[in-house]
Amino acid sequence: MSTVPFYAEQAGECTLFEHAWRQQLPLLIKGPTGCGKTRFVEHMAARLKRPLVTVSCHDDLSAADLVGRFLIGNGSTQWSDGPLARAVRLGAICYLDEVVEARKDTTVVLHPLADDRRILPIERTGEELAAPPEFMLVISYNPGYQNLLKGLKPSTRQRFVSLSMNYPSPQVELDIVRNETGISEAQAKQLVQLAKALRSLTEHDLEETASTRLLVSAGRLIASGLPLQVACQAAIIDALTDDLATAQALAEVVRALFGDAA
C-alpha cells in the first residue's frame, strides 16, 4: 500500500478535489510556481487510492504525444498509447502540469473528456475510449504567466471546476518546511520570515518570488549542515535571478534579517 505524501491543507481544497472526483468533474488548479499544486495532486491520488499519470507540458507537446501514435518495430506497425489514453484505460487521475505551455491543438483533445461525454476519441485507430467513473482529468497553470499567446480558451476553461491556490499562510508554511526538512522550528521560522520579506518586494523585476518549494530546498541544505546564508543564496536567491544587481539586493535582505546567522 503506497504512502500518502504529506500535504498541509489550506482552505478546504482536499474536500473540493474529492467531491469533484466523486462527481466525475475535471479540475483546473491555478496558482504560482512552487505553491504545492503537484504535491496536492500526488496527495489526493494516494488518498483516493488511484494511480496517477503526470505530464509536464511544454512548447513541443502535441496531441499525438498525449493520445498516442503508431510505432514501427519488428517489421510491423503497432499502436502505442500516450499518457492520456493510458490514464483513461487505467481509470487513473491524469494530471497535466502547466497545460498552457502545450501547443494549442493539445487542449482541444481534452474537450470530449472534460464534458459530459467523458470519452477520448482516437482518430488514427477509430477507437473511442469511454472514461470509467474512477478517471479524473486535472490540469494546472500559473496565472502569472498568462498572456495573449498563452492562456486557456473559454471553451476549455468552462469545462472545468476551478481551484485557486496560493502560497500557504505563515503557520501552514512553517509546518510544511519543518515536516519536509527536519530543521528546527526556529530555523523554519527564519525561512518563512525571509519568504514574507521577499514576496513583499516590488522594486525588483522578478518573474517569480520565493516559493514554498524554494524554502524546502534551502531547509534541506541547512539540515545537511550548510550555514543559513549559504543555503539561502544557493536555493533561493540564485534560483530567482541571474541578474547580479538583483541577486545582491536580495542577499542584502537576507543579511538585514539574519545578520551573520549560521
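Residues numbered from 1 in each chain as written. Predicted model: local features only at pLDDT ≥ 70, side-chain atom pairs only at ≥ 80, totals over all residues. Heavy atoms only, no water.

### Examining the nonpolar core
Grouped burial of nonpolar side chains is what soluble globular proteins tend to show.
Here is step 1 of the chain: Residues Leu84, Leu96, Phe135, Leu137 and Ile139 are the most contacted members of the largest nonpolar core, which totals 32 residues.
Here is step 2 of the chain: Going through the elements one at a time, β2 (52–56), α3 (63–67), α4 (83–90), β5 (93–97), α6 (111–114), β6 (119–122) and β8 (136–141) are the ones with two or more residues in this core.
Here is step 3 of the chain: When neighbours within four sequence positions are excluded, Leu137 is seen to be in contact with Pro26, Leu27, Leu84, Cys94, Leu96, Leu110, Ala114 and Phe160.
Here is step 4 of the chain: Among the nonpolar cores identified, the runner-up in size contains 27 residues, and Val177, Ile183, Leu198 and Ala218 belong to it. (Core = buried A, V, L, I, M, F, W, Y, C linked by side-chain atoms within 4.5 Å. Buried < 20%, exposed > 50% of the residue type's maximum accessible area, 1.4 Å probe, protein only. Helix = DSSP H or I, 4+ residues; strand = E, 2+ residues; numbered from the N terminus. Contact = heavy atoms within 4.5 Å.)

### Looking at the pairing of strand β3 (residues 68–73)
Here is step 1 of the chain: Bridging between β3 and strand β4 (residues 76–81) involves six bridges; their strand directions are antiparallel. In the sheet register, Ile72 faces β4, and the bridge partner there is Thr77.
Here is step 2 of the chain: Hairpin connection between β3 and β4: a loop of two residues separates the two successive antiparallel strands, and Asn74 in this loop has a positive phi of roughly 55 degrees. (Pairing = 2+ DSSP bridges.)

### Some points on the environment of Gly36
Here is step 1 of the chain: Assignment of secondary structure puts Gly36 in the loop between β1 (27–30) and α2 (37–47).
Here is step 2 of the chain: When the C-alpha positions of Gly36 and Ala8 are compared, they lie 9.3 Å apart, and in sequence the two are 28 residues distant.
Here is step 3 of the chain: For Gly36, the contacting residues outside a window of four places in its chain are Tyr7 and Met165.

### What to know about the confidence of the model for the protein
Here is step 1 of the chain: Across the protein, pLDDT averages 90, with 94% of residues at or above 70.
Here is step 2 of the chain: For the protein, the element scoring lowest by mean pLDDT is helix α5 (residues 104–108), at 83; helix α1 (residues 13–22) scores highest, at 98. (pLDDT = per-residue confidence, 0-100.)

### Considering helix α10 (residues 212–223)
Here is step 1 of the chain: Over its 12 residues, α10 runs 16 Å from end to end, which matches the ideal 16 Å to within 8%, given 1.5 Å per residue.
Here is step 2 of the chain: Elements that come into contact with the buried residues of α10 comprise α8 (170–181), α9 (185–199) and α11 (228–240).
Here is step 3 of the chain: Immediately downstream of α10, the backbone of Gly225 shows phi near 115 degrees, a positive value. (Expected span 1.5 Å × (residues − 1).)

### Here's the deal with the packing of α10 against α11
Here is step 1 of the chain: Between α10 and α11, the least distance of the axes is 8 Å, while the angle of their chain directions is 150 degrees. As judged from the angle between their axes, α10 and α11 are roughly antiparallel. Regarding α10 and α11, the two cross each other, and that crossing is right-handed. Where α10 abuts α11, its residues Leu214, Leu215, Ser217, Ala218, Leu221 and Ile222 lie against Leu228, Ala231, Ala234, Ala235, Ile236, Ala239 and Leu240.
Here is step 2 of the chain: When the residues that make up the contact of α10 with α11 are grouped by side-chain class, the tally is 12 nonpolar, one polar and no charged. (Axes fitted to C-alpha atoms, helices over the stretch in contact; angles between N-to-C directions. Parallel < 35°, antiparallel > 145°, perpendicular 65-115°, else oblique. Left-handed = near helix turned anticlockwise from the far one by under 90°. Nonpolar A, V, L, I, M, F, W, Y, C, P; charged D, E, K, R; others polar.)

### Some details on the packing of α8 against α9
Here is step 1 of the chain: At a minimum axis separation of 9 Å, α8 and α9 run at an interaxial angle of 130 degrees. In terms of orientation, α8 and α9 fall into the oblique class. Relative to α9, α8 is oriented so that their crossing is right-handed. Mapping the contact onto sequence places Pro170, Glu173, Leu174, Val177 and Arg178 in α8 and Glu185, Ala188, Lys189, Leu191, Val192, Ala195 and Arg199 in α9.

### Digging into unusual backbone geometry
Here is step 1 of the chain: One non-glycine residue with positive phi stands out, namely Lys49, at about 60 degrees.
Here is step 2 of the chain: Turning to its location among the elements, Lys49 is positioned in the loop between α2 and β2.
Here is step 3 of the chain: The class of Lys49 is exposed, set by a relative accessible area of 58%.
Here is step 4 of the chain: Notably, Arg118 is not glycine yet its phi reads approximately 50 degrees, a positive angle.

### Examining α4
Here is step 1 of the chain: Listing the buried residues of α4 in full gives Pro83, Leu84, Ala85, Ala87 and Val88.
Here is step 2 of the chain: Of the residues trailing α4, Gly91 is marked for its positive phi of about 70 degrees.

### Here we look at the packing of aromatic side chains
Two numbers describe a pair of aromatic rings. These are the distance of the centres and the angle of the planes.
Here is step 1 of the chain: This structure, assessed with the given rule, holds three aromatic pairs.
Here is step 2 of the chain: Seen from their ring centres, Phe17 and Phe40 are 5.5 Å apart, and the 85 degrees between their planes marks the pair as edge-to-face. You can see Phe17 sitting in helix α1 and its partner Phe40 sitting in helix α2, a full 23 residues away along the chain.
Here is step 3 of the chain: Relative accessible area serves as the criterion here: at 0%, Phe17 is assigned to the buried category.
Here is step 4 of the chain: Ring centres 5.2 Å apart and planes at 75 degrees place the aromatic pair Phe70 and Trp79 in the edge-to-face group.
Here is step 5 of the chain: A relative accessible area of 23% places Trp79 in the partly exposed class.
Here is step 6 of the chain: Members of the aromatic cluster, joined through ring pairs, are Tyr7, Phe17 and Phe40. (Phe/Tyr/Trp six-rings, centres within 6.5 Å; stacked < 30°, edge-to-face > 60°.)

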